[in-house]
Amino acid sequence: MFNTALTLSDLGFLLQGALMTLAVTAVSVTAGTILGVIFGVVRNQVGPYWAVPLTFVLDVFRSVPLLIQLVLGNAFQSIAKLGWPPFTTSCVVLSLYTAAYCTEIVRGGISSVPPTTRRAARSLGMTWWQDMRYIVAPLATRVSLPSWIGLTLGVMKDSALVLWLGLIELLRASQVLVTRLQEPLLILMICGAIYFLISFPIARLGGYLEKRWSND
Amino acid sequence: MIEIQNVRKSFGSLEVLKGIDLTVNKGEVVTVIGGSGSGKSTLLTCINGLEPIDAGRILVDGTEVHAKSTDLNKLRAKVGIVFQQWNAFPHLTVLENVMLAPRKVLGLSKEKAEEIAVKQLTHVGLGEKLSVYPTRMSGGQQQRMAIARALAMSPEYMLFDEVTSALDPQLVGEVLDTLRMLASEGMTMICVTHEMKFAREVSDRVAFFHKGVMAEIAAPEALFGAPKDPELKKFLAATH
Ligand SMILES: Nc1ncnc2c1ncn2[C@@H]1O[C@H](COP(=O)(O)OP(=O)(O)OP(=O)(O)O)[C@@H](O)[C@H]1O
Ligand SMILES: [Mg+2]
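Now for a look at the structure at hand. (Residues numbered from 1 in each chain as written. Chains lettered and ligands numbered in written order. Predicted model: local features only at pLDDT ≥ 70, side-chain atom pairs only at ≥ 80, totals over all residues. Heavy atoms only, no water.)

## Looking at the packing of aromatic side chains
One pair of aromatic rings is described through two measures. These are the centre distance and the angle between the planes.
Step number 1: A complete count under the given rule lists 3 aromatic pairs over all chains for this structure.
Step number 2: A centroid spacing of 5.3 Å and a plane angle of 70° characterise the contact between Y97 of chain A and Y101 of chain A, whose relative ring orientation is edge-to-face. Here Y97 of chain A pairs with Y101 of chain A, and both are found in helix α4 (residues 86-111), just 4 residues apart, close to one helical turn.
Step number 3: One residue, R62 of chain A, lies across the ring of Y101 of chain A, its end atom 5.9 Å from the ring centre.
Step number 4: Sitting above the plane of the F89 of chain B ring, R149 of chain B keeps its charged end 4.2 Å from the centroid. (Phe/Tyr/Trp six-rings, centres within 6.5 Å; stacked < 30°, edge-to-face > 60°. Helix = DSSP H or I, 4+ residues; strand = E, 2+ residues; numbered from the N terminus. Lys NZ or Arg CZ within 6 Å of the ring centre and 35° of its normal.)

Right, dumping it as structure tokens:
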């Protein structure tokens, strides 16, 4: 159908890029979510004064463009002689970026649980931890899920910026092919389709969980 | 026995409890009446340690509630409380709502907790609703579930804070019936209520709170029949 110079090995190159996108996203979203949950709980627990420094740092991560964070992060690791490869630097920066947003999501989820419901749990003799584990966590997760899915998909697309540190992820791989083959339309369509294929299951999973939880 | 001795409690500059003394014996039903803001709810939340107190002490079977060494979670298993808002755990079924604390706090096995939960739910007339989610039930049913949830911990004392106030009038009866049943079974209870007829029926003693002071306490016949405190007289005249 298409008269194209695109070969199978070129497709393989694109898929390798896609794998890199997936890897960076998976690591960053996992680490960022864990950190975000910890920060979110801490922010809810400590008084307003102690929350200020944490909030300030997180606000910085949310307001400085990711590209600048990546470049600065890379500069920092080389000044500090950490010797991190670009993959590590990318994951660290993206994780903190994700954590900054995730903290807000978690905080919002926790505060959506009515204090009276939590008081009822405590009045039954449950400890703070049991209340968190059996009441707050499930209820907050339900509330936070849509935003968290949005964050994950956003991070997946933003992860394209790690190409500035020399990582060949999906977008960079497409660029390389476009430059070489001069067939931008076809290659970018394939690239977009792959992004869609990665996003779709995540978005569907979110929809599925929301539906499953809506019965109660 | 619950012994409340000269308890004082302020929120900021507002003194809500101004030296309350009250002893509730095993098997006794004491109802608390009084105007809005008189400190009734605050007293109940202090009794099971949900709120700290500023002075005085509260003893439950000799254990000082607000002493540092007291294990509040253990105490709360012994002193159940049900609030005006029923506070169902919306992500759990009715059965799971009731089973959760016996399993996690008392450490009972799943089978044992389920047996107790089914028994208590049947007791309050919800035996048919075990696998329903609470949000699918009426307020009266949710409130009875909250009562079963507290009872499943086998408490020795029960505190009820206006458990019918948030209910539609036609649902009040079923919840009051549940309380009457508990009273007749010999449960030690402190009930804050606006239902004067109910207070008159079930109480051994009725306490009238006014502005943080327990202005009068007496057997229901005496308190309703021959009130002494002028504020109580006004209050009773207004609630007719
Ligand atoms: N957590 C709190 N922080 C500040 N003020 C409070 C708090 N809880 C109660 N108060 C105040 O303490 C006073 C007594 O409240 P409480 O809830 O004990 O009254 P009540 O007798 O139960 O009234 P009601 O019949 O309206 O339930 C009220 O003025 C109330 O506004
Ligand atoms: Mg009250």
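Here the narrative resumes, following the displayed structure.
## Here we look at the sheet that holds strand β4 (residues 55-60) of chain B
Residue and element names in this part refer to chain B.
Step number 1: Overall, antiparallel pairing links the 4 strands, which are arranged β2-β1-β4-β5 in an open sheet. Two strands in the sheet have a free side with no partner beyond their single neighbour: β2 (14-24) and β5 (63-64).
Step number 2: As paired strands, β4 and β5 are joined by 2 bridges and run antiparallel to one another. Note on β5: the bridge partner recorded for L59 is E64.
Step number 3: Across the sheet, helix α1 (residues 40-47) lies against β1 (2-11), β2 and β4, angled at about 120° from β1, the strand it touches most. (Pairing = 2+ DSSP bridges. Contact = heavy atoms within 4.5 Å. Axes fitted to C-alpha atoms, helices over the stretch in contact; angles between N-to-C directions.)

## Quick word on the nonpolar core
Step number 1: Membership of the largest hydrophobic core comes to 33 residues, with the highest contact counts inside it found for L94, I110 and M126 of chain A together with F89 of chain B.
Step number 2: Where this core is concerned, the elements lending two or more residues are α1 (8-45), α3 (66-79), α4, α5 (115-123) and α6 (128-158) of chain A together with α3 (94-104) of chain B.
Step number 3: What L94 of chain A contacts, discounting residues up to four positions off in sequence, is V24, S28, L66, V155, S159 and V162 of chain A.
Step number 4: If you look at the next biggest cluster of nonpolar residues, it comprises 28 residues, including V7, I20, I47 and V65 of chain B. (Core = buried A, V, L, I, M, F, W, Y, C linked by side-chain atoms within 4.5 Å. Buried < 20%, exposed > 50% of the residue type's maximum accessible area, 1.4 Å probe, protein only.)

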